[in-house]
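What the coordinates show
For reference, the chains in residue letters:
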Amino acid sequence: TMPVTNLTPDGNLFFTDVKNGKGIYKLDIASGKTTLVHDNLPGVSGIQFGPDGKLYATHNKEQRIIAIAKDGTLDVLLTGVKCNDLVVTKSGYLYFTETPTKRVHGIAPDRRHFIADEGKVTRPNGISISPDEQTLAVSDHGGKHVWAWRIEPDGTLTGGAPFMTAWLALGKEEAFGDGMTTEANGRWFVTTEIGIQIFD
């Protein structure tokens, strides 16, 4: 099963096992020891630490978006969504993909929920933002593109278009774009059927 991961500033790795895991795990880089840090959360998909230090997660199995404080307190931000992956901005906006409905959702810092985009991406999956947090990108599990939008000051998205084109396996029309991330120099890393593809 492909794990979903997130690094902390001290270099420790947080990850989940979407299909078989019990919750959220931590790999201590220094010792190599793995521990289950948040139990009783099977089916968590995307995770990321927010600017407030909370760990945000798409709890797909329970169809909800959650935030976990450092003391383990769990806060439910939204329910009734078939959530896949998420990203959190420094200003506190959370965006997540809902693959079956072709939607990209947003949750504002005041917890207001909004549909940021609907219908452009065949099967929206992975999601990430540029280092300057002005561009949001989503991988298409049902196509060959990674789509990009401008993030407006109020958190809305404008100008969604296919921005990156993935290489395909021979004879395929879909790249099966999945989880993705961005590094400090602005390159996008996208998992696909044939491997990790990197876009400048």
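Residues numbered from 1 in each chain as written. Predicted model: local features only at pLDDT ≥ 70, side-chain atom pairs only at ≥ 80, totals over all residues. Heavy atoms only, no water.

Observations regarding the overall build of the protein chain
Worth spelling out the cut-off: Under the scheme used here, helices are H or I runs from DSSP no shorter than 4 residues and strands are E runs no shorter than 2 residues, and both carry numbers assigned from the N terminus. We compute the radius of gyration over the C-alpha atoms and compare it with the globule rule, which gives 2.2 Å times the number of residues raised to the power 0.38. Here the term buried applies to any residue with accessible area under 20% of the maximum for its type, exposed to any over 50%, and partly exposed to those in between, with areas from a 1.4 Å probe on protein chains only. Residue contacts are defined here by distance: any two heavy atoms, one from each residue, within 4.5 Å place the two residues in contact. Where accessible areas are quoted, they stem from the Shrake-Rupley method and a 1.4 Å probe; at the residue level, only the protein chains shown are allowed to cover. His residues and chain termini do not enter the charge count, which takes Lys and Arg as positive and Asp and Glu as negative. For this purpose, a charge sits on NZ of Lys, CZ of Arg, CG of Asp or CD of Glu.
If you tally the helices and strands in the protein chain, you get 0 helices and 19 strands. Here the C-alpha atoms of the protein chain give a radius of gyration of 16 Å, agreeing with the 16 Å that 2.2 N^0.38 yields for 200 residues. Along the longest, intermediate and shortest principal axes, the C-alpha atoms of the protein chain span 45 × 40 × 30 Å. Relative to its 200 residues, the protein chain shows a buried fraction of 46%. For the protein chain, restricting intrachain contacts to residue pairs at least 6 apart in sequence, the fraction spanning at least 24 positions comes to 34%. Of the roughly 10,100 Å² of accessible surface on the protein chain, 51% is carried by carbon and sulfur atoms. Separation of charge centres in the protein chain, based on 20 positive and 24 negative side chains, amounts to 4 Å.

Here we look at the sheet that holds strand S7 (residues 64–68)
Note the following rule: Strand pairing is assigned whenever DSSP detects at least two bridges linking the two strands. In this analysis an axis means a line fitted to C-alpha atoms, helices contributing only their contacting stretch, and an angle means the value between N-to-C directions, from 0 to 180 degrees.
Here 4 strands make up an open sheet; going across it, the order is S5-S6-S7-S8 and the pairing antiparallel. Across the chains shown, the open sheet's two edge strands, defined by having one partner strand only, are strand S5 (44–49) and strand S8 (74–79). Averaged over all adjacent pairs, the angle separating strand axes in this sheet is 20°, with direction ignored. With 5 bridges joining them, S7 and S8 adopt antiparallel strand pairing. Following the sheet pairing, Arg 64 is matched in S8 by Thr 79.

Comments concerning the sheet that holds strand S9 (residues 86–88)
Taking strand neighbours across the sheet as the criterion, the 4 strands line up as S9-S10-S11-S12 in an open arrangement whose pairing is antiparallel. Of all strands in the sheet, those with a lone pairing partner are S9 and strand S12 (113–118), marking the two edges. Going across the sheet, the axis of each strand differs from the next one's by a mean of 20°, ignoring polarity. Note that strand S11 (residues 103–107) and S12 share 5 bridges and pair antiparallel. Looking across to S12, one finds that Ile 107 is bridged to His 113.

Let's talk about the side chain of Thr 192
The test is simple: Within 3.5 Å is the distance limit for a polar contact, defined as a pair of N or O atoms, with the added protein rule that one can donate a hydrogen and the other accept it, and that residues adjacent in sequence qualify only through two side-chain atoms.
Locating Thr 192 in the fold gives a position in strand S18 (residues 188–192). There is a polar contact of 2.7 Å between the side chain of Thr 192 and the backbone oxygen of Gly 195. Among the polar contacts listed, one links the side chain of Thr 192 to the side chain of Gln 197, at a separation of 3.0 Å. When sequence neighbours within four positions are dropped, the list of residues in contact with Thr 192 reads Ala 166, Ala 175, Phe 176, Gly 177 and Gln 197.

With respect to the environment of Val 190
Along the chain, Val 190 turns up in strand S18. The sequence separation of Val 190 and Ile 151 amounts to 39 residues, and the corresponding C-alpha distance is 20 Å. In this structure, Val 190 is in contact with Ser 139, Val 146, Gly 179, Met 180, Gly 195, Ile 196, Gln 197 and Phe 199, ignoring residues within four places of it in sequence.

Re the packing of aromatic side chains
To keep it simple, the criterion reads: A pair of Phe, Tyr and Trp rings is counted when the ring centres sit within 6.5 Å of each other, with Trp represented by its six-membered ring. The angle between the planes then sorts it: under 30 degrees is stacked, over 60 is edge-to-face, the rest tilted.
Counted by the stated rule, this structure contains 4 aromatic pairs. Both rings, one in Phe 14 and one in Phe 49, keep their centres 5.1 Å apart while their planes meet at 90°; by these two values the pair is edge-to-face. Remark: Phe 49 occurs in strand S5 and Phe 14 occurs in strand S2 (residues 13–17); sequence separation between them is 35 residues. Both rings, one in Tyr 93 and one in Tyr 95, keep their centres 6.4 Å apart while their planes meet at 20°; by these two values the pair is stacked. Overall, the relative accessible area of 14% leaves Tyr 93 in the buried class.

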